[in-house]
Amino acid sequence: MAIQILMPALSPTMEEGTLAKWLIKEGDIVASGDIIAEIETDKATMEFEAVDEGVIGKLLVAEGTKAVQVNAPIAMLLEEGERSDAVDIDVTVAVAQPVPSQMVEIEPASIAPAAPAESVMSSVLVGPDWPEGTPIKQQSVREALRDAMVEEMTSDPTVYLMGEEVGEYQGAYKVSQGLLEKFGNKRIIDTPITEHGFAGIAVGAAFGGLRPIVEFMTFNFAMQAMDQIINSAAKTLYMSGGQMGASIVFRGPNGAAARVGAQHSQDFAAWFAQIPGLKVAMPYSASDAKGLLKTAIRDPNPVIFLENEILYGRNFDVPVMDDFTVPFGKARIWREGRDVTIISFGIGMQHALEAAKKLAADGIEAEVIDLHTLRPIDYDTLISSVQKTNRCVTVEEGFPICSIGNHLSSVIMERAFDYLDAPVINCTGKDVPMPYAANLEKLALVTSVQVVSAVKSVIYR
Amino acid sequence: MAVRKSTSKPNISANELLNYYKDMLMIRRFEEKAGQLYGMGLIGGFCHLYIGQEAVVVGLEAAAEEGDKRITSYRDHGHMLAAGMNPDGVMAELTGRVGGYSKGKGGSMHMFSKEKHFYGGHGIVAAQVPLGAGLAFADKYQENGRVTFTYFGDGAANQGQVYETFNMAALWELPVIFVIENNQYAMGTSQQRSTSSPDIYTRGAAFGIPGEAVDGMDVLAVKGAGDRAVKHCRSGKGPYILEVKTYRYRGHSMSDPAKYRTREEVQKMREERDAIEHVRSLLLTGKHASEDDLKAIDKEAKAIVNASVDFAKESPEPDLDELWTDIYA
Ligand SMILES: Cc1ncc(C[n+]2csc(CCOP(=O)(O)OP(=O)(O)O)c2C)c(N)n1
Ligand SMILES: [Mg+2]
């Protein structure tokens, strides 16, 4: 019985690819494990292995063909003694195995093609953080983070990067791509899998006068290092009466990824924001990622820098400037509006901006504020916005209980109670560990639909 | 306390050998199919295949008795099949369906079976090591004569909690077998780049835990070492370390570019050291099975795997209410 070999997906989000090269020809005998083709996506060239054994009866797609749909038949495999003209197409189906051969980040969700430049960027945008007339370029969040590290490492020899797979592997999510080559292995340090140990070593190195950047492959693994972050990094300045502290950045992806289950998908923003002695930044756009990371590296305090895997591949405007920084404790108004204030940060901004767009279509003008940093928080900007709109919705991906939104609600109640025309609503992720099943995962996450309905409820429509 | 490289092998019957062959082949066929389903978008997120390492778990399961426990990392499909869990339930968990071992809520990295004494399926590197010792603590407490197989990787062996656990396990003489599956890489980091002293089996010495290095591409060597470890633990002498030298053929997870090693290195292992091929040639040269017998075994394994795929596709997604269940007992 003939077997169809199908175009494989290289990640759950891949829809099509280029059949770059056939490594076999019709009539060749293949066995399980033989590489039969190379396939390109926008980021990677993958080698493919045959799973079943047999004779290549027919190549159905010529090499060089672009936009071959996932699951389209690309070749026919015949079993012993079978002839290609006897092939009955509707038979057993097999997919060649994707075996990546060139660099692409290891983690599946980040292989999603980079989304085109955010269309929300072109809507009302209050004050970009750069002078008018500054040239801008399109850059992904991933590249912006890398550039921030390159610039700070170039200007300050005490800055170094350490973490799992940051060097030779170029970063599990490729944020540190090219850094080993540029700075060498004295300053780009691959660690064993020992988060508690290397976080502690980095805090000690900071006491000793260096400015470490510690990459956690994801913040889920920072849980292993929690004691050194909270008890050593955050408190030593205070305990030493101001004599010594740790100028250190702990950075890496935080929050939900795609389909990776409960232990690999959670937002720790509210956890870290609770700790006096830590600063916490959580950028949304590429320019903020760059400007805030540069500020974080220069800060004399320990900074928790929460990135997001889903945002790494997204492109935004980034100013072309010698030294572009974004200050801590200064929120940014992305969109002005009179009807309601939507406060968010990190990937929550995506839902906030999407919701604002939908609301605008209904004639509701939302003011959307990006906090940038959760410690310190720019309360003044929020309060004056709420005093104008009299209504507020907060948006975040984390758990609902003791969330950032809960805290903001309390501050707004204290400082702007008389201005409120409705209770503040907090949109959050659900109060459950992250499920794996596709339908449940969708349900667990905060969405723009949820934000729209929260806004409608605070404006009583 | 002995720390040594093991050589001796057990005496086993032709029938047992045939069973090892079946079990290893079953795991390989299952994993190949899981790779295919990932390619078709039916499995999402992370998916870590066990191809190449089959002899480790099959050899050790052969040394286990009914009621013994096992716990491992995210690279867990092979362990579940070897523990006797149903391929249908494992495959359906991979596709996130209600027929899966965790009703679709756990996924590839997080499956469990109380019935088969399989305690997961853990995503945080080395977190399963103290958990495994804890299972052994409970067994000792209950004086039930059981032992726990606690599996972890060469990368995991660098986590501090491993050594905290070694100390307590030795101090309290817990019936736990620490199985280090040394496949030479932790994601893209070779053991030699992450480890100051490569002989992991000697690392229990400071705590008085005996250790052996075992050829993990030879199921008989694994079974023999497993027998010694089980005997030691069950007799109340405390923990035992097996460093099983093995190799993973595929990338760390489905989308790993695997640029940190050469294609030739992988090919050489496959061609010269493959554990399944090894048993196959033992069976053929010993005339314990014919080519046709082995073909039939392969056909049967494929049929079981294909049936599990049908099940995993037909099983519905979990009910939406499942989002809110199982958070509290
Ligand atoms: C605490 C923690 N740190 C990092 C990771 C990311 N990670 C997952 S698997 C892995 C490599 C583990 O290698 P090893 O222990 O040798 O097991 P193998 O994958 O080879 O089976 C890493 C770094 C994690 N899951 N948990
Ligand atoms: Mg390993």
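Residues numbered from 1 in each chain as written. Chains lettered and ligands numbered in written order. Predicted model: local features only at pLDDT ≥ 70, side-chain atom pairs only at ≥ 80, totals over all residues. Heavy atoms only, no water.

> Is there a simple way to explain the interface of chain A and chain B in this structure?
Interfaces are often sized by the accessible area lost when the parts come together. Taken together, the contact pairs 60 residues of chain A with 57 residues of chain B. Summed over both partners, the interface of chain A with chain B buries about 4800 Å², with 57% contributed by carbon and sulfur atoms. Put simply, chain A and chain B have 5 salt bridges between them. Close ionic contact of D190 of chain A with R193 of chain B constitutes a salt bridge, the shortest N to O distance being 3.0 Å. The tally of links between chain A and chain B comes to 14 residue pairs in polar contact (both at pLDDT 80 or more). Elements with a minimum of two residues in the side of chain A that touches chain B: β5 (45-49), β9 (93-95), β10 (97-100) and α11 (438-444) of chain A. Looking at the side of chain A that touches chain B element by element, the count peaks at 5 residues for α11 of chain A. Of the residues in the side of chain A that touches chain B, the class split is 34 nonpolar, 13 polar and 13 charged. (Contact = heavy atoms within 4.5 Å. Buried area = accessible area lost by both parts, 1.4 Å probe. Salt bridge = Lys/Arg side-chain N within 4 Å of Asp/Glu carboxyl O. Polar contact = N/O pair within 3.5 Å; in protein donor to acceptor, adjacent residues only side chain to side chain. Helix = DSSP H or I, 4+ residues; strand = E, 2+ residues; numbered from the N terminus. Nonpolar A, V, L, I, M, F, W, Y, C, P; charged D, E, K, R; others polar.)

> Looking at this model, I keep getting lost on the coordination of the magnesium ion (ligand 2). Mind explaining?
Each donor-metal-donor angle in an ideal tetrahedron of four donors is 109.5 degrees, and each such angle in an ideal octahedron of six donors is either 90 or 180 degrees. All names here are of chain B. Looking at the magnesium ion (ligand 2), the protein donor atoms are D154 (OD), N183 (OD1) and Y185 (O), and they sit 2.1 Å from it. Linear spacing of the donor residues for the magnesium ion (ligand 2) on their chain is D-x28-N-x1-Y. A residue pair is termed long-range when its members are at least 10 positions apart, and D154 in the loop between β4 (148-153) and α6 (160-171) and N183 in the loop between β5 (176-182) and β6 (185-186) qualify at 29 residues. (Donors = N, O, S within 2.8 Å, 3.2 Å for Na, K, Ca; no water.)

> What's the story with the site of ligand 1 in this structure? I'm lost.
Around ligand 1 sit 22 residues in total, of which E195 of chain A together with Y74, R75, G123 and N183 of chain B are the nearest. Surrounding ligand 1 are residues belonging to chains A and B, so the site spans chains. Contacts to ligand 1 include Y74 of chain B, whose side-chain N or O atom sits 2.7 Å from an oxygen atom. Within the backbone of G123 of chain B, one N or O atom sits 2.8 Å away from a nitrogen atom of ligand 1. For ligand 1, the accessible surface in isolation is 580 Å², of which the surrounding protein chains cover 96%. Taking a 2 Å distance to the grid points as the criterion, the majority of the atoms of ligand 1 fall inside the largest cavity. Partitioning the shell around ligand 1 into residue classes produces 10 nonpolar, 8 polar and 4 charged. (Near = heavy atom within 4 Å. Areas by Shrake-Rupley, 256 points an atom, 1.4 Å probe, with all protein chains shown as cover. 1 Å grid on protein atoms, 1.4 Å probe; cavity = no way out; pocket = protein on both sides within 12 Å on 5 of 7 lines; lining within 4 Å. Sits in = over half its atoms within 2 Å of the grid points.)

> Whenever I open this one, the side chain of T134 of chain A confuses me. Can you help?
Residues and elements named next belong to chain A. By the secondary structure assignment, T134 is in the loop between β10 and β11 (136-140). Separated by 2.5 Å, the side chain of T134 and the backbone oxygen of P131 make a polar contact. If we skip the residues at most four places from it in the chain, T134 touches P319, V320 and M321.

> Looking at this structure, I do not really get the pairing of strand β23 (residues 392-395) of chain A. What am I missing?
Sheet faces and side chains relate simply in a regular strand, where the side chains alternate between the two faces. All names here are of chain A. Judged by which residues are buried, β23 turns out to be covered on both faces: C392 and T394 on one side and V393 and V395 on the other are all buried. In this structure, strand β20 (residues 340-344) lies alongside β23, joined through 3 bridges in parallel fashion. Bridge assignment links I342 to a residue of β23, and that residue is V393. In this sheet, strand β24 (residues 425-427) lies alongside β23 in parallel orientation, the contact comprising 3 bridges. (Buried < 20%, exposed > 50% of the residue type's maximum accessible area, 1.4 Å probe, protein only. Pairing = 2+ DSSP bridges.)

> Hey, could you run me through the sheet that holds strand β16 (residues 279-281) of chain A in this one?
Strands pair in a sheet through their backbones, by hydrogen bonds, and they do so in one of two ways: parallel or antiparallel. Residues and elements named next belong to chain A. Taken in spatial order, the 7 strands of this open sheet run β13-β12-β14-β15-β17-β16-β22, and their pairing is mixed. Since the sheet does not close on itself, it has two edges, and those belong to β13 (188-190) and β22 (373-375), each with one partner. Along the sheet, successive strands turn relative to each other by an average axial angle of 20°, direction set aside. Judged from the 5 bridges that link them, strand β12 (residues 159-163) and strand β14 (residues 211-215) form a sheet pairing that is parallel. Residue pairing for β14: M162 is matched across the bridge by V214. (Axes fitted to C-alpha atoms, helices over the stretch in contact; angles between N-to-C directions.)

> For this particular structure, what's the right way to read the pattern of salt bridges?
If charged atoms from side chains of opposite charge come close, those side chains can pair. Within the structure shown, the criterion is met by 48 salt bridges over all chains. Note that R263 of chain B is salt-bridged to E49 of chain A, the shortest N-O span being 3.6 Å. Taken together, the positions of R263 of chain B in helix α9 (residues 263-273) and E49 of chain A in strand β5 put the pair across two chains. Residue D156 of chain A is joined to R211 of chain A by a salt bridge in which the shortest nitrogen-to-oxygen separation is 3.6 Å. Placement of D156 of chain A in the loop between α1 (141-155) and β12 and of R211 of chain A in strand β14 is noted, with a sequence separation of 55 residues between them.

> How do you make sense of helix α4 (residues 87-94) of chain B when you look at a structure like this?
Every α-helical turn comprises 3.6 residues, leaving residues that sit three or four positions apart pointing alike. All names here are of chain B. A large share of α4 lies buried, amounting to 7 of its 8 residues. All buried positions along α4 are accounted for by P87, G89, V90, M91, A92, E93 and L94. Along its buried surface, α4 packs onto α1 (14-39), α3 (77-82) and α11 (291-314). Capping of α4 at its N-terminal end is provided by N86; its side-chain oxygen lies 2.9 Å from the backbone amide nitrogen of D88. Taken from the residues just after α4, G96 is the one with a positive phi, measuring 70°.

> Please clarify how empty space enclosed by the protein should be interpreted in this entry.
Enumeration over the complete set of coordinates arrives at 9 cavities of 30 Å³ or more. When its volume is computed, the largest cavity comes out at roughly 580 Å³. As for the largest cavity, its lining consists of 46 residues, and the residues nearest its centre are I193 of chain A together with Y74, V125, M187 and H252 of chain B. At the level of elements, β2 (69-73), β4 and β6 of chain B are the ones that each hand at least two residues to the lining of the largest cavity. Among the elements that line the lining of the largest cavity, the one with the most residues is β4 of chain B, at 3 residues. Tallied by class, the residues present in the lining of the largest cavity amount to 18 nonpolar, 20 polar and 8 charged. (Points joined across faces, edges and corners; volume = space filled by probe spheres on them.)

> Just to check I follow, could you spell out the nonpolar core for this structure?
One recurring pattern in soluble globular proteins is that nonpolar side chains are buried together. Residue and element names in this part refer to chain B. Ranked by size, the top nonpolar core spans 72 residues in total, and within it F149, I177 and L242 carry the most contacts. Here this core takes 12 residues from α1, the largest share from any one element. In contact with F149, other than residues within four places in its own chain, are L60, A64, D68, K69, R70, I71, I177, V179 and V230. (Core = buried A, V, L, I, M, F, W, Y, C linked by side-chain atoms within 4.5 Å.)

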